[in-house]
Structures are given as C-alpha cells and as structure tokens.
Amino acid sequence: YVDNWESKKMWDIPENNPLAIIDEFEEFKNENDSKVDLLLGNHDISYLSKALYGNSVSGHQGAHEKLIREEFEKHLSSFKIAVEYDGVVFSHAGFSSFWVDSVTSKHKADKKDVINLCNSFVNDDKLSEFDFNGYNAFGDDITQGPTWIRPLSLMSNMFFSKQVVGHTEIKEENAPLLLKDGDKNLLIVDTAEHNLFLTLNTETFEWNKQK
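Everything in this summary refers to the structure shown in the same document.

### Focus: the side chain of Asn-42
Step number 1: Structurally, Asn-42 is set in helix α3 (residues 42-48).
Step number 2: Take Asn-42: its relative accessible area is 5%, and that puts it in the buried class.
Step number 3: Leave out the neighbours within four places in its chain, and Asn-42 touches Val-57, His-92, Thr-147, Trp-148 and His-167.

Shown next, in the form of structure tokens:
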C-alpha cells in the first residue's frame, strides 16, 4: 500500500501521500465492507512488527516509519493476513506446509484453523510471526510465511491446494501467471505496474482479466 515509488514521492502532496492512501483504502473498505478484504504484506508488516528484523524490506521508508505505523495501527482491525473463499486461499505470498506445521505447533492450534490463527495475530500484537527469518535473502525458502515465501518454494510445499498470491512481480503481459502441478494451483497476480485486476471463478479457477 505504501512503499511503491510513486507514494514515496508524494509526502508534499497531502491528498496523495502514503497516509492518505491508507485512509482511502479504509474508506473503500467501509463503503463496501462485505465485498472487500484488505490483506497485509511484508511491506506493511515492516512498519508494524516489533521484531528486530521487522523493517528489513526493500524500500522501507525509515524517515516516515512512525507516521506510517501509526496510520496502519489506526485502521488495523480492517486488515487481515489471509482469506478463503470456496477452497481458494488469498494471501500476500502463500502458505507452505512447513510454515503451517511450525506456527500451529508453536501456538498449539489445529492446522485447519491456520487462517484464523494468522488473522488473530494482526490485532494481538504478534505480527513478528510473519517476519523474514529464512536462509534465502529473496524469501525463496519453504520456511517462510504467508507474507514472504516465493512461488517456486511454495509450489514445492503447498499447504492449500488452491492459492492466489501477489508478492512476486511478473511481466504484465504474462499476468496472471498460473503454476500447476497435479491438484496444486498457484495463481500469481502481482506485476511491476501493480495494476492487475481480474475476476476469478473460485469453482473453476478460471479468470477474466479486467482493464
């Protein structure tokens, strides 16, 4: 929501700076509550995490960290880590079996309830659970959570068989990109332009790309 190159230039334009962008998403959510889910990614959690490496993402706006964190905290109840519709799970980067096993074991939770567990962390000051903590600086590691893992590692160790993720940019002409292996379906919807809109049929896993 806040670390794209355009928003970084706009601190002198009150109606367009990152604080206004967060407010705008909150307003849109309030006006369309039952139709809108706002998901957090690593660039958002970097302002909210209390862990030592919480802000170790590219483009983190250290000079404005306090302001951005306070703005996110004002609206935190409107944000989630993941949602599931008709067996399709939407998150910033995806859920590996390794990470699900680790986090549910740590918190003594049922693996089938991992989405609710993750969303509970948002308002319980436990967002450090989603910090980068792996061995690969790019996040291409099955140990990474739903805000960090990269597609190839995720495909090798998917917990949910149908997932839709962003996080990893692909060329606009190739978007969305479907990775498929047996019953595993991973749809990647992020582009360098961050302007991809599509309608997804959750029953057939088919989509229409929107302009």
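From this point, the discussion proceeds with the structure in view.
### Describing helix α4 (residues 65-74)
Step number 1: Regarding α4, the residues found buried are Ile-68, Glu-71 and Phe-72. Buried residues along α4 cover an arc of 100° about the axis, so they all sit on one side. Opposite the buried face of α4, at more than 90 degrees from it, the exposed residues are Lys-66 and Lys-74.

### With respect to the sheet that holds strand β3 (residues 82-85)
Step number 1: Taking strand neighbours across the sheet as the criterion, the 5 strands line up as β3-β4-β5-β7-β6 in an open arrangement whose pairing is mixed. A strand with exactly one partner marks an edge of an open sheet, and here the two such strands are β3 and β6 (177-181). Going from strand to strand, the sheet's axes swing by 20° on average, the running direction of each strand aside.
Step number 2: Of the strand pairs in this sheet, β3 and strand β4 (residues 88-91) are connected by 4 bridges, and their pairing is antiparallel. Paired with Tyr-85 across the two strands is Val-88, which belongs to β4.

### Structural notes on the nonpolar core
Step number 1: In terms of nonpolar packing, the biggest core is built from 30 residues, with Leu-40, Phe-72, Ile-81, Phe-95 and Val-114 touching the most fellow members.
Step number 2: Elements supplying a minimum of two residues to this core: α2 (18-31), α3, α4, α5 (97-106) and α6 (114-123).
Step number 3: Sort the elements by how many residues they give to this core and α6 lands first, with 6 residues.
Step number 4: Those residues in contact with Leu-40 that sit more than four places away from it in its chain are Ile-45, Phe-72, Leu-76, Phe-79, Lys-80, Ile-81, His-92, Val-122, Leu-127 and Thr-147.
Step number 5: Listed in part, the 11 residues of the second largest apolar core include Ile-149, Met-158, Ala-175 and Leu-186.

### Observations regarding α6
Step number 1: Buried residues dominate α6, accounting for 7 of its 10 residues.
Step number 2: Val-114, Ile-115, Leu-117, Cys-118, Asn-119, Phe-121 and Val-122 are the residues of α6 that are buried.
Step number 3: Along its buried surface, α6 packs onto β2 (79-80), β3, β4 and α5.
Step number 4: Downstream of α6 by a residue or two, Asp-125 has a phi angle that is positive, lying close to 60°.

### Regarding the layout of surface pockets
Step number 1: Considering only enclosed or pocket space, the second largest pocket measures out at about 200 Å³ in volume.
Step number 2: Taken together, Phe-98, Trp-99, Ser-102, Val-103, Lys-106, Ser-128, Glu-129, Asp-131, Asn-133, Tyr-135 and Thr-143 form the lining of the second largest pocket.
Step number 3: In terms of residue class, the lining of the second largest pocket is built from 4 nonpolar, 4 polar and 3 charged.

What counts and how
Residues numbered from 1 in each chain as written. Predicted model: local features only at pLDDT ≥ 70, side-chain atom pairs only at ≥ 80, totals over all residues. Heavy atoms only, no water. Helix = DSSP H or I, 4+ residues; strand = E, 2+ residues; numbered from the N terminus. Buried < 20%, exposed > 50% of the residue type's maximum accessible area, 1.4 Å probe, protein only. Contact = heavy atoms within 4.5 Å. Arc of directions from axis to C-beta. Pairing = 2+ DSSP bridges. Axes fitted to C-alpha atoms, helices over the stretch in contact; angles between N-to-C directions. Core = buried A, V, L, I, M, F, W, Y, C linked by side-chain atoms within 4.5 Å. 1 Å grid on protein atoms, 1.4 Å probe; cavity = no way out; pocket = protein on both sides within 12 Å on 5 of 7 lines; lining within 4 Å. Points joined across faces, edges and corners; volume = space filled by probe spheres on them. Nonpolar A, V, L, I, M, F, W, Y, C, P; charged D, E, K, R; others polar.

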